[in-house]
Amino acid sequence: MPEKYTWPNPDGLYCKSYCPLHPEVHNVVFDLVDEICSVFEADAFHAGMDEVFYIGHDSCARCAGLDKAELYANEVNKIANHLARNNRKLWIWGDRLIDGKTTGIGMWEASMNNTHRAIDLINKDVTICDWHYDRPDQTAVYFAIKGFSVVTCTWKNGKNAVVQLQDMVRFGQQATDELAPRYQGMMQTVWSGANSFLDKFYDTKPAIAESETECFKTLFDEIGNL
Ligand SMILES: [Zn+2]
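Throughout what follows, the structure given in this document is the object of discussion. Just so we're clear, the structure is a prediction, and the values are computed from it rather than from any experiment.

What follows concerns the environment of Val52. In this fold, Val52 is placed in the loop between strand S1 (44-46) and helix H2 (68-84). For Val52, a relative accessible area of 12% puts it in the buried group. Taking the C-alpha atoms as reference points, Val52 and Tyr72, 20 residues apart in sequence, are found 8.8 Å from one another.

Pasting the structure below:
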């Protein structure tokens, strides 16, 4: 990282990635994953793997020129296989597996660097967390048809969360017996600290209209109405 990091910057550097082909990187990654799983007694691990903008970079002696979708998929599979050895499942965000250009979904919630073709290369037992915070994009259907269990993730727009929940339910109802169980439901994401989320949750002051807490409450009220 540059000494003084600003965003946006001329290099387009938003966040760092590790080199998936570095011969020693998985000694560190797997130790971390195993320790976290063991401490939390987890049978599933969310590895993130979202917003990977730097992969197969031209300045990497190992990765330059390699297929970015293959590099990404191989890394996902490597972590999934490692977890499977201890009967644990891998969850990841879905954004790198959606074609940002064709869908118009763009560079944040989808991929503009050709990683989206990895969707046909990764293990089908990886659970996809399909996050859409500004629009209720219906990409859950895409993931289910590709063979993945999928969870639609929302953030602070309660109106969207309700549409996403209703979509999720409808997708399951209208699906074949093969596809129906892949629609796994909804996830409320919280990007502030747990403390501030809980403080706001129990706060008696009038809530801010668009917030994680209000979205969570709206979503759960709607679940109660199902
Ligand atoms: Zn590399």
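Take the packing of helix H1 (residues 25-40) against H2 next. Two numbers describe how H1 lies on H2: the axes approach to 11 Å, and their chain directions differ by 45°. With respect to each other, H1 and H2 are oriented oblique. Helix-helix and strand crossings are classified by hand; for H1 and H2 the assignment is right-handed. Across from His26, Phe30, Val33, Asp34 and Cys37 in H1, the residues of H2 making contact are Glu75, Lys78, Ile79, His82 and Leu83. Here the residues of the contact of H1 with H2 are counted per class, giving five nonpolar, two polar and three charged.

About the cut-offs
- Residues numbered from 1 in each chain as written.
- Predicted model: local features only at pLDDT ≥ 70, side-chain atom pairs only at ≥ 80, totals over all residues.
- Heavy atoms only, no water.
- Helix = DSSP H or I, 4+ residues; strand = E, 2+ residues; numbered from the N terminus.
- Buried < 20%, exposed > 50% of the residue type's maximum accessible area, 1.4 Å probe, protein only.
- Axes fitted to C-alpha atoms, helices over the stretch in contact; angles between N-to-C directions.
- Parallel < 35°, antiparallel > 145°, perpendicular 65-115°, else oblique.
- Left-handed = near helix turned anticlockwise from the far one by under 90°.
- Contact = heavy atoms within 4.5 Å.
- Nonpolar A, V, L, I, M, F, W, Y, C, P; charged D, E, K, R; others polar.

So yeah, pure geometry; function would need other evidence.
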